[in-house]
Amino acid sequence: MDWFYIQGILMLAGINLIAVLGLSLLTGFTGLFSFGHAGFMAIGAYLGAFMTVSPTTSPAGLGLPFAVGVIAGGAGAGIVSYFIGRITLNLKGDYFCIATLGFGEAIRLILNNVQLFGGSRGWPGVPYKSTLPAIIIVDILAVIFLANLVRSRHGRNMIAVREEELAAQIAGINVFKYKMIALVVSAVYAGVAGVFFGHYMTFIQPKMFSMTKSTELTIIVIFGGLGSISGSVLGALLLTALPEILRAFEIWRLVFYGAAVILIMISRPKGLMGGMELTPAGLRKARNERKARILALKESKNGQNGEAGLG
Amino acid sequence: MADILEISRLTKRFGGLAAVNDVSFSVPEGGIFGLIGPNGAGKTTIFNLITGVYSLTEGDVRFRGKSISGLPPFKIADMGITRTFQNIRLFKNLTVFENVLTACHLGASYSIIDSVLRLPRFRKEEKALFKKAENLLSIMGLTERRDLVANNLPYGMQRRLEIVRALALDPTLLLLDEPAAGMNPDETEQLMRLIVRIRDEFKLSVLVIEHHMDLIMGICEQIVVLNFGIKLAEGCAADISKDPKVIEAYLGATEEV
C-alpha cells in the first residue's frame, strides 16, 4: 500500500469524522435520530463548490478562495437546518426521524432535477483543495468545540433532553431551544464536511448524498457509542477504513462490513465506548461510577441498602 | 398570609371527558397543602395544568398574583414552580451528582461562546454551580452516593433525589406527586419529616398529592378533596376526615335499609 492510498483513506475518515461529530451531538447527546444528514452535506458541498469553482467552467462558480467555501457551506447548511428545525423539532421521537429522512431525499432530488449545478450528471471541476493537514486541523477544532460545549450547562441540558424530556422541561430547560442548537450545530458540521468532501473528490453528484450516506453516519455514531466523543472518533476511523481493509474479499466486503457491525453491536450493545470518554477525566469518572456501584451492591447485600434512606 | 398560588374555576376537558371541572382553591404561602381523592379524580391533571404540561380549557392559574396559564413548562419552572412525578422521572443514566448539577443550570448565565472558549465567566459560574450541587447533596444526605448512576439507586433514594433535583431550581412552590408511593410506614414517616424540613429550610410552599392518609393528615395544614374532577371538600385534616361526602367517595354510600 502506498502513502497516497493510505492518505486518501485518512482524508475520507477525517471528512466523515467532521459530519459524525456533529451528528454525535444531535443523536448521541440530545437523543434525536436523523436519517437526513447527507442532505446537509450536500448543501455544504454544493454551496462550497459554488464559491470556489472557476467562473470560466460550466456550471460556473464564483472562483473565491477555499476558506470562503468552507464558511459558506457550513453557514448555509446551518441556516437551512434552522428552518427545517422550526417545522420538525416539535415532532416526537420517530416522527422527527422520518421527517429528516424526507428532507435528505428531497435535497437530493432537487439537486438531481435542477440543472443549474449540473443536475444528476454532477458538477466536475471542483478544485482539489482538501489537504490532510487542513482536515486534521478542522477535526481537532471540531472535537474541542464539541467537547467544551458538551461539558457545560448547555451540553448538560441537551443530555437532560435525551434522558427524560418531560423532566427536563420541568427543570426549566427550554427543550425546543436545545434541540434546535443541537440540530444547527450538527448541520454546520455536516455542511463543512460536505465542502471538504467535494474538494477532495473534485466532482460532486447528488447520488453521493443519498440515504445510504445518512445511514452510514448514523451507524458510525451508534457503533462508537451514543454520548461519547471518543467513540465517534474511533467509529469514524474504523468504519471508514474497514471497507478498504476488506477490499481483498472483493464483492463480499459489504457482507463482511455488515457482519462486523452486527458483531460489535451484539457484544457491546452500547457501542464501542458506551457513553465513556477516553480522556483522563472520562476514565476517572467511569472508575468512580464503578466504585459507587460496587459499594451500593455490597450495602444491599448486607441488608442495609438505604431503602429507608429518607429522613 | 398571602396566597402563593390561586387556582380559579380550573377546567380541563379531554374530548368529552372533563378531567378537572371548575375547581378553585388557593395555596397559602409557606403552607403544606394536600390534594387527595380516589384514582382518576384529576389530581395529577391539576399538577400538569399548573406546571404547563397541559394547556387548560377554562379558568386561570395565578402564581404570586400573576397569571401563568398558557406559559410553557420551562418558563413556569423558571418562575419558581417545580414538581416531582408519580412515576419517578430522573435522568436515569446520569450520576446522582449530574442529576442535581443539570438542574442547577438556572443559576448560571454564561453563553455557548463562553463555554466553547472556556472564558473566565464560564469558569466562575461553573464553579458556583458545582458548589451549589455539592451543597444540596450534603444537606440532603446523598453525598456518599454522588457517583452512583441514578438508575442504580434504591427506590427510596430515587424519590429523594427527585426532590433534591427539584430543590436545585430554587423553587418557591414545590409540587409533590405521590411522594410516598410504594413506601412502607416507616419510610413514609421519614418522608413526612423530610417534607416539613424542606419547607422550613428552603422557605417553600408545598402542594402534595398523596394516598397515604397518615402522611396527608399528619403534615397538611389544609386539604382539598377531589372526586371525578370536581372539588368535593376543603378544610383542615380533622374536618375532612369527618366530612360525609369524603367518606362516601372513599368508602361508598351507606345503603338505606
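1. Topic: helix 1 (residues 43-50) of chain B
All names here are of chain B.
(1) Moving on: Most of helix 1 is tucked away, with 7 of its 8 residues classed as buried.
(2) Moving on: Taken together, the buried positions of helix 1 are occupied by K43, T45, I46, F47, N48, L49 and I50.
(3) Moving on: Phi turns positive, to about 85 degrees, at G52, one or two residues after helix 1.

2. Comments concerning the domain arrangement of chain A
(1) Moving on: Domains assigned within chain A are domain 1 (3-267) and domain 2 (279-311).
(2) Moving on: A separation of 38 Å is found between the C-alpha centroids of domain 1 of chain A and domain 2 of chain A.

3. Observations regarding the interface of chain B and chain A
(1) Moving on: Contact with chain B, which involves 50 residues of that partner, is made by 39 residues of chain A.
(2) Moving on: Summing both sides of the interface, chain B and chain A together bury roughly 4000 Å²; the carbon and sulfur share of this comes to 59%.
(3) Moving on: With a closest N to O distance of 3.3 Å, B:E98 and A:K285 form a salt bridge.
(4) Moving on: Our enumeration of links across chain B and chain A arrives at 13 residue pairs in polar contact (both at pLDDT 80 or more).
(5) Moving on: Breaking the side of chain B that touches chain A down by element, the ones donating at least two residues are helix 2 (73-79), strand 6 (81-83), helix 3 (96-103), helix 4 (112-116), helix 5 (120-139), helix 6 (155-167) and helix 7 (185-202) of chain B.
(6) Moving on: If one sorts the elements of the side of chain B that touches chain A by residue count, helix 7 of chain B sits on top with 5 residues.
(7) Moving on: Of the residues belonging to the side of chain B that touches chain A, the class tally is 25 nonpolar, 12 polar and 13 charged.

4. Regarding the sheet that holds strand 4 (residues 58-63) of chain B
Pairing between the strands of a sheet is mediated by backbone hydrogen bonds and can be parallel or antiparallel.
Residue and element names in this part refer to chain B.
(1) Moving on: The sheet built from 4 strands is open, its strands ordered 2-1-4-5 with antiparallel pairing. A single partner strand is all that each edge strand has here, and the edge strands are strand 2 (17-28) and strand 5 (66-67).
(2) Moving on: Where strand 4 meets strand 5, 2 bridges bridge the pair, whose relative direction is antiparallel. Across the sheet, residue R62 finds its bridge partner in strand 5, namely S67.

5. Describing the packing of aromatic side chains
(1) Moving on: Under the criterion given, the structure shown has 14 aromatic pairs over all chains.
(2) Moving on: On the numbers, 6.2 Å between centres and 40 degrees between planes, the contact of A:Y46 with A:W123 is tilted. Of the two residues, A:Y46 is situated in helix 2 (residues 37-52) and A:W123 in strand 1 (residues 123-124); the sequence distance between them amounts to 77 residues. Across the pair, exposure class does not vary: A:Y46 and A:W123 are buried alike.
(3) Moving on: Summarising the aromatic geometry, the rings of B:F97 and B:F130 are spaced 5.5 Å apart at their centres and angled 55 degrees between planes, so their arrangement reads as tilted. Here the residue B:F97 occupies a position in helix 3, and B:F130 occupies one in helix 5, the gap between them amounting to 33 residues.
(4) Moving on: According to the relative accessible area criterion, B:F97 is buried, its value standing at 5%.
(5) Moving on: For B:F130, a relative accessible area of 34% puts it in the partly exposed group.
(6) Moving on: By the ring-pair criterion, three or more aromatic residues cluster together here, those being A:Y46, A:F50, A:F117 and A:W123.
(7) Moving on: Of note, A:R153 hangs over the ring of B:Y110, and the distance from its end group to the ring centre comes to 5.2 Å.
(8) Moving on: Just above the ring of B:F97 sits the side chain of B:R146; from NZ or CZ to the centre is 4.1 Å.

6. Some words on the sheet that holds strand 6 of chain B
Residues and elements named next belong to chain B.
(1) Moving on: The strand order across the open sheet formed by 6 strands is 6-7-8-3-9-10, and the pairing between neighbours is mixed. Every other strand in the sheet has two partners, leaving strand 6 and strand 10 (230-235) as the edge strands with one partner each. Recorded for the sheet is a direction-independent mean angle of 20 degrees between the axes of neighbouring strands.
(2) Moving on: By the bridge criterion, 3 bridges tie strand 6 to strand 7 (residues 173-177) in an arrangement that is parallel. Residue pairing in the sheet places R83 in a bridge with L175 of strand 7.
(3) Moving on: Docked against the sheet, helix 6 engages strand 6 and strand 7, running at close to 160 degrees with respect to strand 7.
(4) Moving on: Sheet strands touched by helix 10 (residues 244-251): strand 3 (32-36), strand 9 (222-227) and strand 10. Its angle to strand 10, the strand with the most contacts, is close to 130 degrees.

7. Thoughts on the packing of helix 6 (residues 153-163) of chain A against helix 8 (residues 175-201) of chain A
Residue and element names in this part refer to chain A.
(1) Moving on: Direction vectors running N to C along helix 6 and helix 8 enclose 105 degrees, while the axes themselves pass 10 Å from each other. What the angle tells us is that helix 6 and helix 8 run roughly perpendicular. Facing R153, H154, N157, M158 and V161 of helix 6, the residues of helix 8 in contact are V175, Y178, K179, I181 and A182.
(2) Moving on: Classifying every residue of the contact of helix 6 with helix 8 gives 6 nonpolar, 2 polar and 2 charged.

About the criteria used
The numbering scheme is per chain: residues are counted from 1 as the chain's sequence reads. All chains are assigned letters beginning at A, and all ligands numbers beginning at 1, according to the order in which they are written. Where local features are concerned, this predicted model is filtered to residues with pLDDT of at least 70; where side-chain atom pairs are given and counted, the filter is 80 or more; whole-chain, interface and lining totals use all residues. Values reported for side chains reflect all heavy atoms of the structure, with hydrogen atoms and water molecules removed beforehand. Exposure classes here rest on a 1.4 Å probe applied to the protein chains alone. A residue is buried below 20% of its type maximum, exposed above 50%, and partly exposed in between. The secondary structure listing takes helices from DSSP runs of H or I that are at least 4 residues long and strands from runs of E that are at least 2 residues long, numbered from the N terminus. Those domain boundaries reflect an automatic or database domain assignment. Two residues form a contact once any of their heavy atoms are found within 4.5 Å. Buried area: the accessible area, evaluated with a 1.4 Å probe, that two parts lose upon being put together, summed over both parts. The rule for a salt bridge is simple: a side-chain nitrogen of Lys or Arg has to be within 4 Å of a carboxyl oxygen of Asp or Glu. The term polar contact refers here to a pair of N or O atoms within 3.5 Å; inside protein, the definition further demands a hydrogen-donor-capable atom paired with an acceptor-capable atom, and it admits residues adjacent in sequence only when both atoms are side-chain atoms. We call Asp, Glu, Lys and Arg charged. Ala, Val, Leu, Ile, Met, Phe, Trp, Tyr, Cys and Pro are nonpolar, and the rest, Gly among them, are polar. Criterion used throughout: strands pair if DSSP finds at least two bridges between them. Here is the rule: rings of Phe, Tyr and Trp (six-membered ring for Trp) pair when centre to centre is within 6.5 Å. Planes less than 30 degrees apart are stacked, more than 60 are edge-to-face, and the remainder are tilted. The criterion is that NZ of a Lys, or CZ of an Arg, lies within 6 Å of the ring centre and within 35 degrees of the ring normal, and then a charge sits over that ring. Lines are fitted to the C-alpha atoms to define the axes, a helix being fitted only along its stretch in contact, and any angle between axes, read from their N-to-C directions, falls within 0 to 180 degrees. Angle categories: roughly parallel below 35 degrees, roughly antiparallel above 145, roughly perpendicular from 65 to 115, and oblique for all the rest.

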